[in-house]
Structure formats: structure tokens, C-alpha cells
Amino acid sequence: MKLAIVGTGYVGLVTGSGFADLGMEVTCVDIDEGRVRQLQSGQVPFFEPGLQDLVKRYVARGRLRFTRDLGSAVRNAQVVFITVGTPSLPDGNPDLSQIESVGKEIAENLDSFKLIVMKSTAPVGTARRLGALIRSQRGPAADIEVAVNPEFLREGSALEDFMRPNRVIIGTETERGARILKEIYRPLYLIETPFVFTTLETAELIKYAANSFLAVKISYINEIANLCDALNIDVHIVAKALGMDRRIGPKFLHPGPGFGGSCFPKDCRALVQMGRQANVELSLVDTALRVNARQHQVVLYKLRQGLGALEGKTIAVWGLSFKPNTNDIRESTAIVICQALLKEGCRLRAYDPEVCAEAQAVLNSERVCFCRGPLETAEAADAVVLATEWNEFRNLDLAEVKRAMRGDVLVDSRNVYDIEMVKSLGFRYFGVGRR
Ligand code: UDX
């Protein structure tokens, strides 16, 4: 089966190399010439564990190709996956312009039947409108079918999520589209991955409903953690007990400074907008966003508890990406924390194992010093904030860190350290919702 994948971001590259690994011939398309050239030489432009090896392997074997020529990729493929970005517009609606322009270009290059599969996250109705757009350009008899196949991969473990998904959602217009996608996913079908076959609109909504539910769950545990702080209760015992209830489940109950990334905030905003446009108030999701927007302040509150006024203080920040194992800083809470600390008049020393140039561009201030390692970051700092829980920070020699610091405050916004151990080293420890 020959596939074209349009858009080489996280979803496109993981999907493309994943399908190449499953035995398909894949051509990935992007308008960015530099990116295409980089990928042709086997270089992945962002950090995702395992992806570079996979891309190199299948580029070398000729099963994975990269091009700017959308027309020839479409003409050579039976199935075209759309994996372009749908970033938030200022009003919270997603920007669908990339989907539209890809749709127009596909229409210009139709030569035989194509199944056009939307993997980009887009509001209910987008896929059907895309089909209508292509048909309006090529006449109602245009030999196409549109499908929706949302992607649930998590950055940092994207390949594992692609190869072992909890479920595959397939929304189609007809039985024919469903049959083709079932054939493409046959290797996953054989390992008993559950499949849900449904309509285009249902598949579109499932993606938003899933991401927003997880976001609500995180905001919920963050509020419980804040209450635990006030009542001197350990939130982890509460979360563990909650998770033992199979109706609740243990995942996504880890408190912290709030969720970030390219999906949760954007998708929650889009779902709220979808509700507004349908005259349905989605107040839970709206509130989850509001709770999240203020949750990073927990770090500032703890720092004030430890240091008093923050102006002029030197704060070391460990971790800048929105979560570990990625160099993505989109809507990263760590960056939001840094910006808030700069506003308070702090000096920052910052370090992340993978993020540097990207963070330097957004934290562009003479009061920020980017360091080469966690120990150097802690030098002469009044406080250290663990903002993103990379493994590198879990097993540090904290006694050495303490000696390098000027102060003794450790704000562990991800609750990874053993409280008694860090206290025994002379730190004043502040977690989120831990006694
Ligand atoms: C998410 C969804 O998990 C994935 O299915 C979807 O396709 C894209 O969005 P991702 O954004 O890569 O994936 O990261 P995820 O691991 O879900 O974490 C999102 C944010 O929530 C991070 O900022 C993380 O730190 C935070 N989080 C997650 C918590 O604060 N607590 C938790 O218990 C879990």
C-alpha cells in the first residue's frame, strides 16, 4: 500500500515512519524546504526517542521518502493522510487554513480514487467540509472518500503509542473507506488492538473529548493537591486511593504546576468554542482551563513562603520543555513559571537536557543565564525549582547541589524527591500537596 502523509510534525513523522515500519511505502510531504532536506538525510528536526533511528532506517531502505512535491506524492498514493498543524487562533478556535490549502492542492492532483484521512485534530464537521471543498473543485463525481483517524500519541513515547495504541478510531463515509483503513492497520488488528468504526463527526469529537477529559482530570487533582497543602494531607495517598477505584483509574492523577504542550490547552479551548457555537456550555472544560492558567502560581507561592519577596532573588530552574523526553516548549508550564519569575524581578539560571535555543528565544532577558547542567544551574541560587521532571534530575547528588547554592529552598513542582532525604541534606522542601 502506498501512502502520502502531508505535514511532517510530530504526528506526521511518527505516523509516516510507523507505517514504513509496518511495511508500507510512505512519502511524507512538507512545504518547508529546509526540513525536507534535513529529513532526506535522515535527520529529525526535533527530539523524540527512537524516531531518528526509524527515519534513518527506512530512508536508507527507500520505504520512507520526503518531498515538497505534494502533487506527485498524491498521484502516487492510494491513501493521503493529512497531519498538518491546527494551532489556536486568538479566540480559541483552531486555525484550519493549512487543512484547506492542502485540500485544494489535493483536488488539483486527483488522478484516481483517493482515500483522504484527517489525522490533524480539527472540530466536528471539518472532514466533511474538506470532502465538500475537494468535490466542489473537481465536480461532485470526484473519486474520493474522506475519513477521520485521530492520533493519540504522547510526545516522548510517540512510537510506542503508535505501535501499541489503546484503540484505533476510524470514522468513514462508507464501508469502502473503513475497509482500506482496516487493511492499513492490519498488523495492529492482529495484536488485538481495539478498533472503533464510526462516523466522521463522532471520530472528530472523540479526540477532543478524550484530551479534554484528561485535562479535566489533571486540573481536578491539582485542585485537590492545593487543598491538601492547606489541610496538611499527602495528595499522593489520596491520588493512589482514587486510582484504585477502577471507575477512576490511576493515570493522569499526578499533581504539578499545570498541564502544557501542543494538545491539551489547544484542544480544550477548541472544544469550549465548539460548545459555544452549538449553544452548549462546556463549563467543566472551561474551568479546567482556568484552573490550569493559575496553577503555575503554586510555584511562586511556595518560593515566597521560602524566600519572602522574590525581587532580586536568584532562582535556578531545572527543565524547560513542557514534559520530559521532548524538546517541545509549546505552552510549557516551565516557561510560564520562568516568565512569571522574571516579572517578579528575579534572576534566573536555567537548564534543560534538550531545550536551549528555543527557550533562549522566548526567555530573551539579560536576567536569564542558560547553564550546561543541573549543578552549574544551582550555583549561588537562592532556590531551585524542579519545573520538568527529566530523569536526569531524579538521581542527582543533591548534597552537592545544596553546597553549590546560596540558599536552601527546593521547590519540587513535580513531587519527585523523597522529602525526608532532601530535608536531611539541609533543604527546606516545598512540593505540591505533600505534607
Ligand atoms: C497528550 C495526550 O496524552 C495524547 O493522547 C494526545 O495525542 C496529545 O496530547 P502530550 O501532550 O504529548 O499528549 O503529553 P501528556 O503526557 O499527555 O501530558 C500533557 C501535559 O499534562 C504535560 O504538561 C504533563 O506534565 C501534564 N500532566 C500529565 C500532569 O500534570 N499530570 C499528569 O498526571 C499527567
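Bear in mind the structure is a predicted one, so any value in this text is a computation, not a measurement.

Visitor: Looking at this structure, how should I read the layout of surface pockets?
Guide: Space left empty within the atom packing is revealed by a probe, the size of a water molecule, rolled over the atoms. A volume near 180 Å³ is recorded for the second largest pocket. Lining the second largest pocket we find P257, G258, F259, P265, R269, L289, N292, A293, H296, E331, T333 and V336. Sorting the residues of the lining of the second largest pocket by element identifies α12 (264-277), α13 (283-295) and α15 (333-343) as the ones contributing at least two each. With three residues, α13 is the largest single contributor of residues to the lining of the second largest pocket. Considered class by class, the residues forming the lining of the second largest pocket number six nonpolar, four polar and two charged. When residues of the lining of the second largest pocket are assigned to domains, at least three fall in each of domain 2 (208-293) and domain 3 (296-430).

Visitor: When you look at the packing of α12 against α13 in this model, what are you seeing that I'm missing?
Guide: How two helices sit against one another is set out by the angle between their axes and by the gap between those axes. Contact pair α12 / α13: the axes reach a minimum separation of 9 Å and the direction vectors enclose 145°. Here α12 runs over α13; the crossing is left-handed. For the pair α12 and α13, contact is made by P265, C268, R269, L271, V272 and R276 and by V285, D286 and L289, respectively.

Visitor: I would appreciate a short explanation of unusual backbone geometry in the present structure.
Guide: Only a minority of non-glycine residues have a phi that is not negative, and only a minority of peptide bonds are not trans. You will see that N279, though not glycine, has its phi angle at about 60°, which is positive. Tracing the sequence through the fold places N279 in the loop between α12 and α13. The phi dihedral of N415 is positive, around 55°, even though this residue is not glycine. Here N415 is to be found in the loop between β13 (409-412) and α19 (419-424). Accessibility expressed as a relative area gives 7% for N415, which makes it buried.

Visitor: How should helix α3 (residues 51-60) be read in this particular structure?
Guide: Helical geometry note: an α-helix holds 3.6 residues per turn, so side chains three or four residues apart project in the same direction. Listing the buried residues of α3 in full gives L51, L54, V55 and Y58. Viewed end-on, α3 has its buried residues packed into an arc of 95°, placing them on one side of the element. Facing away from the buried side of α3 by over 90 degrees, the exposed positions are D53 and A60. If you follow the buried residues of α3, they end up packed against α1 (10-21), α2 (33-40), β3 (64-67) and α7 (158-163). Positioned one or two residues after α3, G62 has a phi angle of 80°, which is positive.

Visitor: Help me understand the sheet that holds β13, please; the structure alone is not making it clear to me.
Guide: By definition, the strands of a sheet pair up through backbone hydrogen bonds, in either a parallel or an antiparallel sense. The six strands lie next to each other as β11-β10-β9-β12-β13-β14, forming an open sheet whose pairing is parallel. The open sheet has two free edges, formed respectively by β11 (368-370) and β14 (428-430), since each of these has just one partner strand. When the angles between neighbouring strand axes are averaged without regard to direction, this sheet yields 20°. In terms of strand pairing, strand β9 (residues 314-318) meets strand β10 (residues 347-351) through five bridges, oriented parallel. The partner of W318 across the bridge, within β10, is Y351. Where helix α14 (residues 297-307) meets the sheet, it contacts β9, β12 (383-386), β13 and β14, and its direction lies at approximately 165° from that of β13.

The rules behind each value
- Residues numbered from 1 in each chain as written.
- Predicted model: local features only at pLDDT ≥ 70, side-chain atom pairs only at ≥ 80, totals over all residues.
- Heavy atoms only, no water.
- 1 Å grid on protein atoms, 1.4 Å probe; cavity = no way out; pocket = protein on both sides within 12 Å on 5 of 7 lines; lining within 4 Å.
- Points joined across faces, edges and corners; volume = space filled by probe spheres on them.
- Helix = DSSP H or I, 4+ residues; strand = E, 2+ residues; numbered from the N terminus.
- Nonpolar A, V, L, I, M, F, W, Y, C, P; charged D, E, K, R; others polar.
- Domains from an automatic or database assignment.
- Axes fitted to C-alpha atoms, helices over the stretch in contact; angles between N-to-C directions.
- Left-handed = near helix turned anticlockwise from the far one by under 90°.
- Contact = heavy atoms within 4.5 Å.
- Buried < 20%, exposed > 50% of the residue type's maximum accessible area, 1.4 Å probe, protein only.
- Arc of directions from axis to C-beta.
- Pairing = 2+ DSSP bridges.

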